[in-house]
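# Remarks on the overall topology
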Amino acid sequence: CYFLYFFCCFFVCFSCVFFFFFFKQKTAYEIYQCDWSSDVCSSDLQCPDTIFIMGHSGALQMEQALDYCMKYPNVYLDISCQSLSCLKIIFEKAPPDRLLFGSDWPWYHQALPLAKVLLATQGKPELRHKVLCSNAIRLLALDPKLGDKP
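The following refers to the structure shown. (Residues numbered from 1 in each chain as written. Predicted model: local features only at pLDDT ≥ 70, side-chain atom pairs only at ≥ 80, totals over all residues. Heavy atoms only, no water.)

### Here we look at the overall build of the protein
Under the convention used in this document: Numbering of helices and strands runs from the N terminus; a helix is a DSSP stretch of H or I covering at least four residues, while a strand is a stretch of E covering at least two. When a residue's accessible area, from a 1.4 Å probe over protein chains only, is under 20% of the maximum for its type it is buried; when over 50% it is exposed; and in between it is partly exposed. Residue contacts follow a heavy-atom distance rule, with two residues in contact if any of their heavy atoms lie within 4.5 Å. For accessible areas, the Shrake-Rupley method is used with a probe of radius 1.4 Å. Any residue's cover is judged against the shown protein chains and nothing else.
A count of helical and extended segments in the protein gives seven helices and three strands. Buried residues in the protein amount to 28% of all 150 residues. For the protein, contacts bridging at least 24 residues in sequence account for 51% of all contacts bridging at least 6. When the accessible surface of the protein is split by element, carbon and sulfur atoms take 67% of a total near 10400 Å².

Structure representation (structure tokens):
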């Protein structure tokens, strides 16, 4: 009797593990490695009450994330892990009110993306202030006095 019980439990557990590993939905890593734009339905982005933050500005699909940000008013770009040249493109094309500073800490030191933002926004103090401070304050509904310029 115990053997049959043990065998049934083992079979159920093995079946669940097998099913999970071989028939699971795409993970973020798998989507990152392929074209994730097919998994982002434009009708999903048309939900005006939902804010979408494109982490890493879409990473290798930066152009697609930038297109979404320009097309939909509820899509924001997090600028972490982008190169300086890509940041310049993002800062030139994207709506400045929907750009968010990110560092991807603890994998990357916070000084690296901060230095890139400072270089890419040189001579543009309003854009710099929005990216580093006021956009996040507005998005998170924090006290607006926190975002006042010093």
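### Digging into helix α6 (residues 111-120)
Two residues of an α-helix separated by three or four positions point the same way, owing to the 3.6 residues in each turn. So the rule is basically this: What the arc covers is the set of directions going from the helix axis to the C-beta atoms.
Within the sequence span of α6, burial applies to Pro113, Lys116, Val117 and Ala120. Along α6, the residues classed as buried sweep out an arc of 100 degrees about the axis, all on the same side. Turning to α6, the residues buried within the fold contact α5 (84-93) and α7 (125-139).

### Structural notes on the sheet that holds strand β2 (residues 75-78)
Inclusion rule: When DSSP finds at least two bridges between two strands, those strands are taken to pair.
Strand order in the open sheet formed by three strands is β1-β2-β3, and the pairing between neighbours is parallel. The open sheet has two edge strands, β1 (52-54) and β3 (99-100), and neither has a second partner. Relative to β2, β1 runs parallel, the two being bridged by three bridges. By the bridge assignment for β2, isoleucine 53 is matched with tyrosine 76.

### Here's the deal with helix α4 (residues 62-71)
All of the buried residues in α4 are Met62, Ala65, Leu66, Tyr68 and Cys69. Viewed end-on, α4 has its buried residues packed into an arc of 160 degrees, placing them on one side of the element. Every exposed residue of α4 that faces more than 90 degrees away from the buried side is listed here: Glu63 and Lys71.

Keep in mind these values describe shape, not function.
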